[in-house]
Amino acid sequence: HVASRGRGKTFCGRANPTTGALDWVEESEEYDYHQEIARSCYADMLHDRDRNEKYYQGIRAAVSRVKARGERVIVLDIGTGTGLLSMMAVSAGADFCYAVEVFKPMARAATCIIKKNGFSDKIKVINKHSTEVTVGPDGDMQERANILVTELFDTELIGEGALPSYEHAHLHLVQVGCEAVPHRATVYAQLVESEQLWSWAQIRSVQVDERALVPPAAVRECAGAHAVCDIQLSQVPPSAFTPISPLCSMFSVDFSRPVSSAPRSFSCRFVVQAGGRAQVVLSWWDLDMDPSGSIVCSMAPRWTYSDPREYPWRDHWMQSVYFLPAERRVCEGEELSLSVSHDDYSLWYNLSEGFCRPCCTCQAHLVWTRPRFGELNDWQRTESYLSALRSVLGKDGVCLVVSDGSLLPIFAHLLGARKVFSLENSGMSKRVIEQFLEANSLKNGVQLLAIRAEQLTSADLEGEQISVLMGEPYFSTSLLPWHSLFFWYCRTALARLLRPGATILPSSATLYLLGVEFQDLWRIRAPCGTCEGFDVSPMDEMVQQSLDFRESREAEPHHLWEYPCRALSKAHPVMTFDFQQCVPEQPINSQGTLPLIGRGRCHGFALWMEYNLTDDITISMGLTKPVNEEGECVWSPHRKQGVYFLQTPWESSGDGHTAVSYNLTFDPSIGDVKMDFSVTQP
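Predicted model, so just to flag it, every value in this text is computed and none were measured.

**Overview of the overall build of the protein**
Phase 1 of the analysis: Scanning the protein for helices and strands turns up 15 helices and 37 strands.
Phase 2 of the analysis: Expected size for 682 residues packed as a compact globule is a radius of gyration near 26 Å; at 27 Å, the protein falls within 12% of this value.
Phase 3 of the analysis: With respect to the three principal axes, the spread of C-alpha positions in the protein is 90 × 65 × 55 Å.
Phase 4 of the analysis: For the protein, the residues scored as buried account for 57% of the 682 residues in total.
Phase 5 of the analysis: As displayed, the protein offers around 27500 Å² of accessible surface, 49% of which is attributable to carbon and sulfur atoms.
Phase 6 of the analysis: One finds the centroid of the 61 positive side-chain charges in the protein at a distance of 1 Å from the centroid of its 83 negative side-chain charges.

**Concerning the sheet that holds strand 32 (residues 588-595)**
Phase 1 of the analysis: Read across the open sheet, the three strands follow the order 32-36-37; overall the sheet is antiparallel. Both edges of this open sheet fall to strand 32 and strand 37 (672-680), since each of them pairs with a single strand only. Strand-to-strand, the axes of this sheet are offset by a mean angle of 15°, without reference to chain direction.

**What about empty space enclosed by the protein?**
Phase 1 of the analysis: A full pass over the atoms with the stated rule returns three cavities of 30 Å³ or more.
Phase 2 of the analysis: Within this model, the largest cavity holds a volume of roughly 80 Å³.
Phase 3 of the analysis: Secondary-structure elements contributing two or more residues to the lining of the largest cavity are helix 11 (379-392) and helix 12 (408-414).
Phase 4 of the analysis: The element that contributes the greatest number of residues to the lining of the largest cavity is helix 11, accounting for three residues.
Phase 5 of the analysis: Across the lining of the largest cavity, the residue classes tally to six nonpolar, two polar and two charged.

**Thoughts on the nonpolar core**
Phase 1 of the analysis: Counting 133 residues, the largest nonpolar core has Leu76, Phe153, Tyr349 and Trp635 as its most contacted members.
Phase 2 of the analysis: In contact with Tyr349, not counting residues within four places along its chain, are Val187, Tyr188, Ala189, Met250, Val281, Ser283, Tyr322, Leu324, Pro325, Leu338, Ser339 and Val340.
Phase 3 of the analysis: Counting 94 residues, the second-largest nonpolar core is a separate cluster that includes Leu386, Leu448, Val468 and Ile504.

**Overview of the UniProt feature "domain: Protein arginine N-methyltransferase" (unreviewed entry) in the protein**
Phase 1 of the analysis: In this structure's numbering, the residues bearing the UniProt feature "domain: Protein arginine N-methyltransferase" (unreviewed entry) are residues 183-352 and 508-680.
Phase 2 of the analysis: Secondary structure within residues 183-352 divides into 5% helix and 45% strand; the distance between the first and last C-alpha atoms comes to 30 Å.

Cut-offs applied
- Residues numbered from 1 in each chain as written.
- Predicted model: local features only at pLDDT ≥ 70, side-chain atom pairs only at ≥ 80, totals over all residues.
- Heavy atoms only, no water.
- Helix = DSSP H or I, 4+ residues; strand = E, 2+ residues; numbered from the N terminus.
- Rg over C-alpha atoms; globule rule 2.2 N^0.38 Å.
- Buried < 20%, exposed > 50% of the residue type's maximum accessible area, 1.4 Å probe, protein only.
- Areas by Shrake-Rupley, 256 points an atom, 1.4 Å probe, with all protein chains shown as cover.
- Lys, Arg positive; Asp, Glu negative; His and termini not counted.
- Charge placed at Lys NZ, Arg CZ, Asp CG, Glu CD.
- Pairing = 2+ DSSP bridges.
- Axes fitted to C-alpha atoms, helices over the stretch in contact; angles between N-to-C directions.
- 1 Å grid on protein atoms, 1.4 Å probe; cavity = no way out; pocket = protein on both sides within 12 Å on 5 of 7 lines; lining within 4 Å.
- Points joined across faces, edges and corners; volume = space filled by probe spheres on them.
- Nonpolar A, V, L, I, M, F, W, Y, C, P; charged D, E, K, R; others polar.
- Core = buried A, V, L, I, M, F, W, Y, C linked by side-chain atoms within 4.5 Å.
- Contact = heavy atoms within 4.5 Å.
- UniProt positions renumbered as here; feature names shortened; annotations may be inferred.

Written out as structure tokens, the structure is:
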């Protein structure tokens, strides 16, 4: 969902599978609040025991240092959220705490939680942005604070505006020489070579029979988009990359002193550990909760731990992947300098000094997401499409491709189709494919049409009828697996332009369902109850109310390759969509039972599409291998799968006697799938 607020109303951008576009739907202002709360990280943060314990230790130590100086302890907590850190401060002995929270529903929740825990007389919740807080007899704060407590960080450390907030706080809200929790942040980086990760940044050549399809020079030489790629780096095994550099300490920020949000650059010299291609920077950060650095909260991935069981999983802070503007050959023993630059909200890396921010000039990095680059570089997937095309294309073939920024029309031309047309959803994606055609001297091989399917006429096709209608399908607005059924709606709109007996590729799609036990992802939706001894149940109730608001129990998109889970059932086909036929007017309903055959706790269900290109070629957007006896799941990294979380997990004995009753309905009028699940015990 994308939201824009007006006076008392919210306009929400929702993916509409029937049109392939974002629809702006007018909702009440509360709707956006509920969406933000329901999909927020609050539960994940409250379940982050390592974070909470380290903050509590740091706060106790800071309060003790101020008390040792004989001062009253006045705390400023910026971005208080649930009020947890403020309650920690008062419990540690603070005399008073100002808790600042800009998000009105969260400020209300914090007030409720603080009252429930009996701290209302010592904590004042201020529902403002910290830069609007005033100090003085008639101000929001009576005096400046001598302890600054914040949790303003994202995976990139500074992406939520931490630097400007600290800068303002030191100028206007806290005393000179104040204590800060956290006291310091340090950013670390490691330069690596990784074919897997680099495939998310640059498109590779594709071999189509005797012809190599090469990427345009403009794409190869483009520095790409500088935006961070945040992932669960623990799920990228060390075998997937070769370290070029040691782990470098790039820079630190001391939050107890005045902080500047002005752009800066830092560098670290090192000796190359292994020759190869310098391509990617892996990065994370640590928080020192005290000046001595004895209380450390680290974002390092699991594989850096000598005992992986000690790794504290969290999803609200992950790790960062940055792509160099260009890969560079390096030799073992060579001395290099890795540079990092930042403005007030983002970081970027380079192997040269200077403040030059990478910027996409080829437009491909604006059209294709990082997972999309990886998908286009997946040679096994590409070979499946090429094999399917070879089996259906004839020399008299007239092909029409419906997918965003797809290479399929070029493949069809190279495999001998007489005419190839392609519908592009935007001028930008059209220009990217034009570059590929020009770079391979195929400018007249494919006609790119910036026309919607329902607007296409026989004249646009030069009087031809379509013999092969194909799609991956891929659409940039798709979030959930069934959103790609926009292809089906296009096929329906184009029925009048198809030859009798025309081939539709894929011919059908099947929606699959799998009961799963998550290793960690369950935390983001699980109630917390108490956190570090404080009752935060009002937050649980608030999240549940938001989940129950209007469109309560729906699936949400996740890249499941980042979130290990164990299958508790077999992969079960629950619904098939026949692209040989037009979209029906009536809903498609599927009901049945799914036995839970694995022992464990069923947290919910994974859903994905499999596309049947031909009778014997299928592309899975979910599981890429059969589930083994231990229930191990291997997921496609290219597309997000749907996840339906149960409000309360179901216990499975693994004997198959516990079964799930499902009821799924595809509503063709809105292109969405509604679902309901219940459990039957023996």
